[in-house]
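Observations on the model geometry
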Amino acid sequence: MIVLLVPVLVAVLWVALVRGRSATAPDRPGRAASFGPMLGGVAAVSLFLLVPVGFSGDGLGLAVVLGGIALLALAGLALTRRSTGRAALAERPWSAPAPATSRPAVPRARAVALALGRVESRQLATGPWFGVGIGFCVLMIVLFGFVWAGEDSHTWVGAIQLTPWFAHPMVGLVVLAAHRCVTRAARDGADEIFDACPTAAETRTAGFLLSAATPLVTLAVFFAVLEIALTVRAPLLHGAIGADSVADVLAAVLLGAGGVALGVALGRWVRFGLAPLVAVVAIGFFITGVVNGSARGGWKPLAALSTAPTVNNLSPVFTDRPVWWHLLWLAGLTAVVAVVAVARHRRDRTVAVAGALAAAVVLIAGIGATRPLPAGSAARIADRIASPEAHQNCRATTGRVDVCVFPFHRALLGPVTERVAPVAAELPAAAAPLVLRQRFDGDLGDLPPEVRRKLTEVDLAPRPGEVPLGFDQGSEVGDDPGFHLAFAALDLPTEANEEMLPAVLAGEARGVVALWLATRGLPAGDAARATTAELPGSPDAFDRGSLLAASACVVPAVVWSAQDLAAARALLALPESDVAGVISDGWARWADPRTGTDDLLPALGLPGVGPFDVVVARPGQPC
C-alpha cells in the first residue's frame, strides 16, 4: 500500500510546488499568499493519510477527522487565492535620487550575511516544501495531541523520546526547500547577475545557512504546542521530566538547522534537482536503519549516532542514555556540513580550522555516545532488576495483596491500588498472599553488555507470590492489573508462553471465576464489555472465545470458549454477595482445572451452558 501511495504523494507535492511558485515571486500581492503553501501542505498531507486510513477496517473516525482537516485547509487555500487574485498593486511614483554628497560606506560581510539571512528565512518559510512540512506538524498535533492522546498511558520521558521522529518529516522537507533556495538563481538563469554583485559567494552561502532560524523556531513552537496538548489531553502520561528530556527536545529542534545545512551544502555542490531527495531517502531510510539496527537484540550500541535513536520502550529506571553526547554529536555534524557548504567558494585557513574543530567535536561526541556504560550506572541498573523490592514504594490493599512500584512511577501507585482493591477484597482466606510488583519486563538482550554481565535469566523471573505489574496505566484485558491479580490468584498465566501460545480454558470453571473476580470494581457496562469477545460473531471458535482480537503485538494470555464468556456474564447478573459466598466456600474446587463450568453454574442456581466449543490455541502475532 505504501509503495502505491508514494507516487500519489509525489504528484501532490509537485502540484503544490508548481502552484506555490507565485509565493516566491518578487511582486507578491499581499501577506495572504504566504499562507497558501502552508494550507496546501496541510491539505496534501491530510489527503495522503486519508487513503490508507480509509482502507483500514477500524479507521472511520480518524478518516472523518482527516477529511475535515483537508476540507478546511482547501477552503482556506481557495480564500487566499481569491483574495490575492483580487488584490491590486499600487504603483509607486518614481523620482531620481538625490545626488550623493559622499561615498556610501561599504557594509561588512557580516551585516550583509545577516540581511541575506532574514530574506532567505522569509523565502524558506513561504515555499511550498516548507508548507508541506507545516502540514505534517499540524497533522501530528491533531493525531498525537488530540485524537490518540487519551490512550497514551506511558511516561513523559518515553513520549518526549519520540520528538526526533516527529521532527523528521519537517526536516526532510527543509532539506528540499533549502536546496531550492540555493539553486534559485540557476533555475531563473540569474547566475551572472549574482556573480556581478559585490557580495562574495561565501557571504551569500552564510545568508542561506542563517535561514536555519526559520525551522528552528518552527520546530520549537511545534513541540511546545504538542506538549501543551498532551498535558491537557493525555491524563495517563506520568513520570518526571528531567534533564535527559530537555536534551531530547533540543536535539530534535537542532535537526532543523541540520536540514538547512544539508540542503545548502547540496545546493552549492550538486545542483541536480533530485539530489536532496536522494540524500533524504538515503539518510532517513538506509543510514538511520543501519545505525538503529546495529545489533539483533534490543540493545543498539550505535543508536545514539542516529538522527532518530531507537526507542526501546524500557522504563527510564533501567536506562542511562547518552543524550547530551547525542546532542553534541548532532551539533558537530551540523557544523561539519555547514563548513562543507562554505568550502565550495572559500578554502582558506579559517575554513580549514573551522572544519577541523567541527570534525573534532564529531569525533569526541561519537566516542562519548558509544562508550561503555559507567560501572556505577551498570551496577545500579542491575540491582534494580535483580532486587526490585529494595528500590520500591509499596501500599497494601488488604492483608493479602500489596502493590509495589519504583519511585519514578509513583503516580501509578494510587490508581493501581484503587483498581485492584475490590478484586483483593473478594479473595478468600484460602488464597495465597500476592504482591503486584514492577519488574524488568524486557529481555537480557535489551540491556547494555555491562549490565548483562551482572545478571542471569533467574534474576528476571518473578519470585513466588509476585504478580508482574506494568509501567503504564493500561485498562485493556492484556495489561489491566485487576485481571492480572485475578488470574494469578487462580494460577492462570498473565501472558502467553514462550511459543506465543495462550492457555485454553474452554469448559473450565476457574476461567469463569477469574473473569468474575477481575471485573470487581468496574462499572456494569465495562464489566460486560470485559467479558465479551471482540469478535463474538466469528465462525472461528478461537475468536469467539478471545477477549482480544488478533492483531500485531497482541497475544492473549488465555482463551475461553463462547459458552464460558456467556457463563461469566450470567454471574455478573447475580447479586455480588451470593456469588462471593459460593466462590469463597468452594475456592479449592473452583481453582482446580478439572472442575468444569457446568459444575459451577448449578451451585449458583444457573443452568449449564455446555456443550463447549473445541478451541485450539494458535500463536499470536509478534510485533
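It should be noted that the structure appears before, not after, this text.
Throughout what follows, the structure given in this document is the object of discussion. Keep in mind it's a predicted model, so treat the numbers as computed, not measured.

Okay, the pattern of salt bridges next. Counted under the stated rule, the structure contains 13 salt bridges. Across the salt bridge formed by Glu 466 and Arg 439, the nearest N and O atoms sit 3.1 Å from each other. Placement of the pair is Glu 466 in strand S4 (residues 466-469) and Arg 439 in the loop between strand S3 (434-438) and helix H18 (449-452), with a sequence separation of 27 residues. Residue Arg 439 is classed as buried on the basis of its relative accessible area, which comes to 6%. With a closest N to O distance of 2.5 Å, Arg 618 and Asp 540 form a salt bridge. Remark: Asp 540 occurs in the loop between helix H22 (524-530) and helix H23 (541-544) and Arg 618 occurs in the segment after helix H27 (597-603); sequence separation between them is 78 residues. On the basis of relative accessible area, Arg 618 is assigned to the partly exposed category, the value being 30%. Through salt bridges with shared partners, a single network forms among Arg 437, Arg 439 and Glu 466.

It is worth spelling out the environment of Ala 360 at this point. Locating Ala 360 in the fold gives a position in helix H15 (residues 349-370). Linking Ala 360 and Gly 332, residues 28 residues apart in sequence, is a C-alpha distance of 8.1 Å.

Here we take up the sheet that holds strand S2 (residues 401-405). Reading across from one edge, S1-S2-S3-S4 is the order of the 4 strands in this open sheet, with mixed pairing throughout. The open sheet has two edge strands, strand S1 (393-396) and S4, and neither has a second partner. Ignoring strand direction, the axes of neighbouring strands in this sheet form an average angle of 20°. Where S2 meets S3, 4 bridges bridge the pair, whose relative direction is parallel. Bridged to Asp 402 within S3 is Val 435. Contacting S1, S2, S3 and S4, helix H17 (residues 413-425) crosses the sheet at an angle of about 160° to S2.

One way to say it: the disulfide is the covalent bond shared by the sulfur atoms of two cysteines. Scanning the entire structure with this criterion turns up 1 disulfide. Paired by a disulfide, Cys 394 and Cys 404 hold their sulfur atoms 2.1 Å apart. For the disulfide bridge between Cys 394 and Cys 404, the dihedral angle about the S-S bond is near 110°, and by the sign convention the bridge is right-handed. Remark: Cys 404 occurs in strand S2 and Cys 394 occurs in strand S1; sequence separation between them is 10 residues. Classification of Cys 394 as partly exposed rests on a relative accessible area of 46%. Cys 404 gets classed as buried once you look at its relative accessible area, which sits at 2%.

What follows concerns the packing of aromatic side chains. For the structure on display, the rule yields 8 aromatic pairs. With a centroid separation of 5.9 Å and an interplanar angle of 85°, the aromatic rings of Phe 318 and Phe 471 are classed as edge-to-face. Linking Phe 318 in the loop between helix H13 (275-292) and helix H14 (323-342) with Phe 471 in the loop between S4 and helix H20 (481-489), this pair joins segments that are 153 residues apart in sequence. We note that Phe 318, like Phe 471, is buried. By way of ring pairs, the aromatic residues Phe 318, Phe 406, Phe 440 and Phe 471 are connected into one cluster. The side chain of Arg 344 reaches across the aromatic face of Trp 269, ending 5.4 Å from its centre. A cation over a ring is seen here: Arg 520 above Trp 516, with NZ or CZ 4.2 Å from the ring centre.

The rules behind these values
- Residues numbered from 1 in each chain as written.
- Predicted model: local features only at pLDDT ≥ 70, side-chain atom pairs only at ≥ 80, totals over all residues.
- Heavy atoms only, no water.
- Salt bridge = Lys/Arg side-chain N within 4 Å of Asp/Glu carboxyl O.
- Helix = DSSP H or I, 4+ residues; strand = E, 2+ residues; numbered from the N terminus.
- Buried < 20%, exposed > 50% of the residue type's maximum accessible area, 1.4 Å probe, protein only.
- Pairing = 2+ DSSP bridges.
- Axes fitted to C-alpha atoms, helices over the stretch in contact; angles between N-to-C directions.
- Contact = heavy atoms within 4.5 Å.
- Disulfide = S-S within 2.5 Å.
- Phe/Tyr/Trp six-rings, centres within 6.5 Å; stacked < 30°, edge-to-face > 60°.
- Lys NZ or Arg CZ within 6 Å of the ring centre and 35° of its normal.

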